Amino acid sequence: MTALTTDSVTPARRAKPWYAQLWIQVLIGMGIGILLGWVWPDRGAAMQPLGDAFIKAIRMLIAPIIFCTVVHGIAQMHDVAKVGRVAVKALIYFEVLTTIALIIGLVAVNLLRPGEGMNVDLSKVNTSLIDPYVKQTGVIGFVPFLMNIIPSTFVGAFAEGNILQVLFIAVCCGFCLIWLGETGKPLVNIIEVSAKMIFRFVDMIMWTAPIGAFGAIAFTVGKFGIGSLASLGQLLVGFYLTCLVFVFGVLWPIAHWCGFSLIKLLRYIWEELLICYATTSSETVLPRMLRKMEDVGCERSVVGLVIPTGYSFNLDGTCLYLATATVFLAQATNTPLDIEHQIGLLLILLLTSKGAAGIAGAAFVVLAATLSAHAVIPVASVALVLGIHRLMSQGLTPTNLVGNAVATLVVARWENALDMARMHRVLDGNTGGESGRAAK
């Protein structure tokens, strides 16, 4: 199979100086951002455009990257049945894991009960700030979600940057190139070269990641205060603990069962986790995750299907957030929520958690939509978590990223599309996909 990147593991080049490693630079940027936000809060909050610019620069490339990666991967498979098989396996895995995440979130918030005793009177809460989010809830739902997968125009999907729409077009184009056979080979080669060019573009943008991390974290600290990084109440602490329980209580056993170390995987994607935490957006590292999952030994066709699809269907951290936040709001407003209501809430969340692709502030919008559909907890109560939503996002986005990394390895192993020897060498640090790629 012709690869967009190196096909075989190449010896690692001499290690970069510590100060030249991206994760070190991102940590330095975050440290300076924390200091600025603490000492000069107004100036720190004014750094938000730096973080936003970095996110926009990456998002600009996501649609063409997904298109090129998926089309090339499917076209190289020469097997339509395999594409369908991979997609079905991925969706089954996604549904099981997100259901487990929702259950864990519900159990944790019922045990910790962070909202108990708040006795919030919603008549005294300013709910005007949530109006923009509540207005978007009309587009959430299973049927609108399915309809939204089909773009209005071919080009419109790329212009809007809707991941699922681009994925839909890419899969269809990949099938068409399979059916064209040798006739479509020149176009496949063009797409391959285009993907290499775009990934080089991503490398250029990633040089600015420390600046983006600096701006994003300076804004967070400047707006919410230095105490926001340590503790903003029982809800935040409980939510972060719940994320850790899911990662190490659910993903760890799955990783062990599939024959790889979760700790080594976390070390492998450490830079991406830091960027996710600082920017509260997992989209900023989607291009790098596509490459890293291929470099670790997964077949490109599997990576191209699982990663983009997982960004809409396998949002484990988002599910933990939704389950935690909804029950917290019920507790804070003294809304009775017995086991029957919580089961109904779980069923609603199974649908609404999948219907937020391409919507700004997706997790918060889905939270409002869930309360509207459940019709038990007052929708206006979401104003209580608006102020700390960004801080909760700093827990849910890395959890989403880890969940999708594990999912890719699991589906690849399930499909016998994972080079186990290469995976162990890369995760052990004996060789690096990026170093081999750079040498190419």
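Residues numbered from 1 in each chain as written. Predicted model: local features only at pLDDT ≥ 70, side-chain atom pairs only at ≥ 80, totals over all residues. Heavy atoms only, no water.

1. Description of the overall build of the protein
- The helix and strand inventory of the protein stands at 22 helices and zero strands.
- Across the 440 residues in the protein, those meeting the buried criterion constitute 55%.
- Relative to all contacts within the protein whose residues are 6 or more apart in sequence, the contacts with residues 24 or more apart total 86%.
- Summing over all exposed atoms, the protein offers an accessible surface of approximately 18700 Å²; the carbon and sulfur share of this is 66%. (Helix = DSSP H or I, 4+ residues; strand = E, 2+ residues; numbered from the N terminus. Buried < 20%, exposed > 50% of the residue type's maximum accessible area, 1.4 Å probe, protein only. Contact = heavy atoms within 4.5 Å. Areas by Shrake-Rupley, 256 points an atom, 1.4 Å probe, with all protein chains shown as cover.)

2. Section: the packing of aromatic side chains
- Evaluated as defined, the whole model comprises seven aromatic pairs.
- When the centroid spacing of 6.2 Å and the interplanar angle of 80 degrees are considered together, the rings of Phe239 and Tyr321 count as edge-to-face. Taken together, the residues Phe239 in helix α11 (residues 234-257) and Tyr321 in helix α16 (residues 316-332) connect sequence positions 82 residues apart.
- Residue classification places Phe239 among the buried positions, given a relative accessible area of 0%.
- For Tyr321, a relative accessible area of 0% gives the class buried.
- Among the aromatic residues, those joined into a cluster by ring pairs are Phe67, Phe154 and Phe158.
- Taking the ring centre of Trp40 as reference, the NZ or CZ of Arg43 above it sits at 5.5 Å.
- The ring centre of Tyr268 lies 4.9 Å from the NZ or CZ of Lys292, which sits over that ring. (Phe/Tyr/Trp six-rings, centres within 6.5 Å; stacked < 30°, edge-to-face > 60°. Lys NZ or Arg CZ within 6 Å of the ring centre and 35° of its normal.)

3. Examining the nonpolar core
- Counting 129 residues, the largest nonpolar core has Leu265, Met293, Tyr321 and Val406 as its most contacted members.
- Considering each element in turn, this core owes the most residues, 14 residues, to helix α3 (residues 48-77).
- Excluding residues that lie within four positions of it along the chain, Met293 makes contacts with Leu265, Tyr268, Ile269, Cys298, Val303, Ile307, Ala405 and Thr408. (Core = buried A, V, L, I, M, F, W, Y, C linked by side-chain atoms within 4.5 Å.)

4. A short note on the pattern of salt bridges
- Using the criterion set out here, one finds 11 salt bridges in the structure.
- In this structure, the salt-bridge partner of Glu116 is Arg113, at a minimum N-O distance of 2.8 Å.
- Residue classification places Glu116 among the exposed residues on the basis of a relative accessible area of 52%.
- A salt bridge links Arg291 to Asp203; the nearest nitrogen and oxygen atoms lie 2.6 Å apart. Taken as a pair, Arg291 in helix α14 (residues 286-295) and Asp203 in helix α9 (residues 185-206) lie far apart in primary sequence, 88 residues in all.
- According to the relative accessible area criterion, Arg291 is buried, its value standing at 4%. (Salt bridge = Lys/Arg side-chain N within 4 Å of Asp/Glu carboxyl O.)

5. Some details on the side chain of Thr279
- Position of Thr279 among the secondary structure elements: in helix α13 (residues 270-279).
- Reaching out from Thr279, the side chain makes a polar contact with the backbone oxygen of Ile275 at a distance of 2.7 Å.
- Beyond its immediate stretch of four places on either side in the chain, Thr279 contacts Phe54, Ile55, Ala216, Thr284 and Arg390. (Polar contact = N/O pair within 3.5 Å; in protein donor to acceptor, adjacent residues only side chain to side chain.)

6. Concerning unusual backbone geometry
- The phi angle at Asn334 is positive, at roughly 60 degrees, despite the residue not being glycine.
- In this structure, Asn334 sits in the loop between α16 and α17 (339-352).
- Owing to a relative accessible area of 48%, Asn334 belongs among the partly exposed residues under this scheme.

7. Let's talk about helix α1 (residues 22-39)
- For α1, built from 18 residues, the straight-helix expectation of 26 Å at 1.5 Å per residue is met to within 8% by its first-to-last C-alpha distance of 26 Å.
- For α1, every residue scored as buried is listed here: Leu22, Ile24, Val26, Gly29, Met30, Gly33, Leu36 and Gly37. (Expected span 1.5 Å × (residues − 1).)

8. Re the environment of Glu116
- The residue Glu116 is located in the loop between α4 (80-112) and α5 (131-134) in this model.
- On a C-alpha basis, the gap between Glu116 and Leu329 in space is 9.4 Å, while along the polypeptide they are 213 residues apart.
- Only 2.8 Å separates the side chain of Glu116 from the side chain of Arg113, close enough to count as a polar contact.

9. Regarding the packing of α3 against α9
- Where α3 contacts α9, the two axes come as close as 9 Å, and the packing angle between them is 155 degrees. Regarding the angle of α3 to α9, the classification is roughly antiparallel. Taken as a pair, α3 and α9 cross one another with a handedness that is left-handed.
- Along the lines of polarity and charge, the residues of the contact of α3 with α9 split into 19 nonpolar, four polar and one charged. (Axes fitted to C-alpha atoms, helices over the stretch in contact; angles between N-to-C directions. Parallel < 35°, antiparallel > 145°, perpendicular 65-115°, else oblique. Left-handed = near helix turned anticlockwise from the far one by under 90°. Nonpolar A, V, L, I, M, F, W, Y, C, P; charged D, E, K, R; others polar.)

That's the geometry; what it means functionally is another story.
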